[in-house]
Amino acid sequence: MKKVLYIFSFLLAGIIGFSQENLNYQQPPKEILELADYERAPSVSMDSKKEYMLLMYRNTYKSLDELNQDEMRLGGLRINPTTNISSTTTYINNLKISKVKNGTPKQVTGLPKNAKITNISWSPDEKKIAFTNTTNKGVELWYIDIAKTTAHKITSDNLNANLGNPSNWLKDNNSLLIKVLPKNRATLIDNEKGLPDGPIISETDGGNTSQNRTYQDLLKNKIDETNFESLVTSELYIVDLKGNQKLFKNAAMYTDESFSPDGEYILLSTLNKPFSYVVPYYRFPQTETVYKSNGELVKVVNEIPLDEIRAKGFMSTRTGKRNLSWRNDEPSTLYFVEALDNGDASKEVEYRDEIFTWKAPFNNQANSFFKTKQRFGGVSWGNKTTALVLEYWYDTRNLKRYLINPSIKGGNPKVIEDRNYQDRYNDPGSFQMKKNDYGKYVLNIENNKMYLLGDGFTKEGQFPFIDEFDLKTLKTKRLYRSDLKDKKEDLLSVEDAKKGNVLVRIQSKNEYPNYYFRNLKSKKLTQITDFENPFKSLKNVYKEVISYKRNDGVTLSGTLYLPAGYDRTKKDKKLPLLIWAYPQEFKDKNSAGQNTQNPNEFTFPYYGSFVYWVTRGYAVLDDAAFPIIGEGTTEPNDTFIPQLVANAEAAINAVDNLGYIDRTKVGVGGHSYGAFMTANLLTHSNLFACGIARSGAYNRTLTPFGFQSEQRNYWDVPHIYNGMSPFMNAEKMKTPILLVHGEADNNPGTFTLQTERYYQALKGLGAPARMVILPKESHGYRAKENIFHLLWEQDQFLEKHLKN
């Protein structure tokens, strides 16, 4: 495969002529480059007892050469058919282990050369860590002896990771279930060279309506079907740590393998035919079967038909058993949910879903223990008499959490949370979980008490908290509130409630996030990690979260950055302003107006914002609030354009009123739906001198069955789809726009074609536009060459159309 060495950039050079540029990759100016070209700190994984932690290192960016690999796009997947793992995988290249308390990181010895590590998992007793390494030919399994900090190879590179992690630990801590490529796997067919046996035919009988989104990378023909089946078919083996293998199950299209908490049973999910050309693989027919740990068949517990037809609405779902999983608090009990409204959200019913439990060996019927009035949203198991069930409804944004007793029919439910789930000021927090004797996470219950860890957003700022929840009185008691003034403290877990030990992460504007133990009684902090700030050149940049009002009274906010050395008192120099934003839909003004930004959050510049440009003399309003509100029966998109413009005008007025900016020099930018926002703002207002739109969708008729948070289809509200589409209003565009898109976008709806056709419309209508297609990139950009060139493109564009 030919490697791409240059990028095509299309330039509308002037009013009367068009030209195309062929550029080699460029690098951004020095101020931006020294921030972008940094060494990433390791990510951290700790065992549940907080005795050891694994430090995982990876490159800050991928290289273009890494993106330029063999790839097959089938059934919603992107697979490297040579190595049999997702082609989008980001690899770790080094591992270190440290004791959590007073430890020094130790290099794991014996790691593979040129390591490409992923699929990391701790053994049940947390004394070993399994991982996969990808070679030039395939995927192999390794493990780490934590106490000895040594790595050992278990298998050759013949594992099948095309559907995710190919290994699962057994209860004995010394063996794993692995997915292996069949020895007689069929040779893959080259779709471009293979001759079809006939035309591609799809047919509908006209009896059902379906509201499927515009999924990417779907199967298209019989050759795709054959290749897909070959790529996802595996044999299952049990392998010990010495590499001895024993066949567990013959070849099939296994999608998921899950051991019961006691390790006596395993639930296997397999794909079946017929495949589909309109939905991804996870909506293909499936069979879910329980076996004993020795491979003996117990029972087929679920048959899922092809899931192509669903009723309209985000709250609609499929019929039959769904969410089939093991109860974490019992040895071998399954639970599942069934829709009582036939999966149709438009039906008026008393109850939407029913939850069942089913004990092994599943000879008796499953027991119903609870019905939800809204759609089932999840369950947290505690013990035989305690569980939490969540239900929610998108259209109202309502969330209810019930305390139930799963041992009795009906559950004796008690509502402990009932709120708008977008109302962050009244979020009570998340219940603390802990590992039980089975090694599974359940609710942390001690002396009829549980613990809530909350983000603590308020009108006055963010104050994370820990509450004690009494199971008898249903009352909460505040145990701790973080009142740090110049730092941000994230409360991660309660390690010992009696002693008051809590794991936290602390950061500030200039201090990289690091882990600590905090004792709630003595207030003492014990540092665990010591990661340095790689962005010290931003140390003297001014940072502030500002609040302001929209013309209808809705409170908005954004994080304002000013260049180092800028005199905020004299304000002699008026700065150009850059606004980066992403619209979000709400059903009420109260939740839309809540501020969830913290000025003490570490300043982490990256290509997904404009923060880099504060070093180039720009004021930057990052993550500016752009709520789109639809109260009552009104949908947010009914007034999308007016609200979009009102948000932008309020943001500009707020910074202008502070005296910092030249309001004739304001630029706007966004990625994905933020790009859609940018194109609409330039089309429907005169507020901006230019805009940067990246990986967006601009013609909503190409996403006719809904987009973002829009549930109605094109034929329900054609005026909404047309009015919101920049493509349909391209003749109004007169403002310079930089359009950027990944050549291989994999996000539903944001096909690369969206940018190409929008650019062609702007070009044909004489609008000032520049299009940059980044080779090999999908919806998010990964290659260092592409990202650095993107920053150069943006800088050149802003210097030309905004600053100068």
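Residues numbered from 1 in each chain as written. Predicted model: local features only at pLDDT ≥ 70, side-chain atom pairs only at ≥ 80, totals over all residues. Heavy atoms only, no water.

Regarding the pattern of salt bridges
No. 1: Across all of its chains, the model carries 41 salt bridges by this definition.
No. 2: The closest approach of N and O atoms between E417 and R401, which form a salt bridge, is 2.8 Å. Here R401 lies in strand β28 (residues 398-404) and E417 lies in strand β29 (residues 414-420), a separation of 16 residues in the sequence. Each of the two residues, E417 as well as R401, counts as buried.
No. 3: Put simply, E31, R616, D795, E799 and K803 are held in one network by salt bridges that share partners. (Salt bridge = Lys/Arg side-chain N within 4 Å of Asp/Glu carboxyl O. Helix = DSSP H or I, 4+ residues; strand = E, 2+ residues; numbered from the N terminus. Buried < 20%, exposed > 50% of the residue type's maximum accessible area, 1.4 Å probe, protein only.)

With respect to empty space enclosed by the protein
No. 1: The tally for this structure, following the rule as stated, stands at two cavities of 30 Å³ or more.
No. 2: Within this model, the largest cavity holds a volume of roughly 80 Å³.
No. 3: Forming the walls of the largest cavity are Y394, D395, R397, E585, K587, E635, P636, N637, S709, E710, Q711 and R712.
No. 4: For the lining of the largest cavity, a count of residues per class yields two nonpolar, three polar and seven charged.
No. 5: Reported here for the second largest cavity is a volume of approximately 40 Å³.
No. 6: In terms of lining residues, the second largest cavity is bounded by Q462, F463, P464, S482, D483, L484, K487, K488, E489 and N598.
No. 7: Split into classes, the residues belonging to the lining of the second largest cavity amount to three nonpolar, three polar and four charged. (1 Å grid on protein atoms, 1.4 Å probe; cavity = no way out; pocket = protein on both sides within 12 Å on 5 of 7 lines; lining within 4 Å. Points joined across faces, edges and corners; volume = space filled by probe spheres on them. Nonpolar A, V, L, I, M, F, W, Y, C, P; charged D, E, K, R; others polar.)

Some details on the environment of G780
No. 1: Of note, G780 is situated in the loop between β51 (769-774) and α9 (784-803).
No. 2: Considered as a pair, G780 and S672 are 108 residues apart in the sequence and their alpha carbons are 9.3 Å apart.

A closer look at the packing of aromatic side chains
No. 1: Scanning all chains against the criterion turns up 39 aromatic pairs.
No. 2: An aromatic cluster of at least three residues, connected via ring pairs, comprises Y582, F640, Y673, F676, F705, F707, Y714, W715 and Y721.
No. 3: Here the guanidinium or amino end of R478 rests over the ring plane of F465, the centre of that ring lying 4.2 Å away.
No. 4: Lying over the aromatic face of F676, R700 brings its terminal NZ or CZ to 4.5 Å of the ring centre. (Phe/Tyr/Trp six-rings, centres within 6.5 Å; stacked < 30°, edge-to-face > 60°. Lys NZ or Arg CZ within 6 Å of the ring centre and 35° of its normal.)

Regarding the nonpolar core
No. 1: Of all hydrophobic cores here, the largest spans 63 residues; its most connected members are I579, L621, F688 and I737.
No. 2: It is helix α5 (residues 640-657) that provides the largest number of residues to this core, a total of 10 residues.
No. 3: Every residue in contact with I737, bar those within four places of it in the chain, is listed here: A679, L682, G691, A693, Y758, L762, P768, A769, R770 and F797.
No. 4: Among the nonpolar cores identified, the runner-up in size contains 46 residues, and A36, F535, I692 and I787 belong to it. (Core = buried A, V, L, I, M, F, W, Y, C linked by side-chain atoms within 4.5 Å. Contact = heavy atoms within 4.5 Å.)

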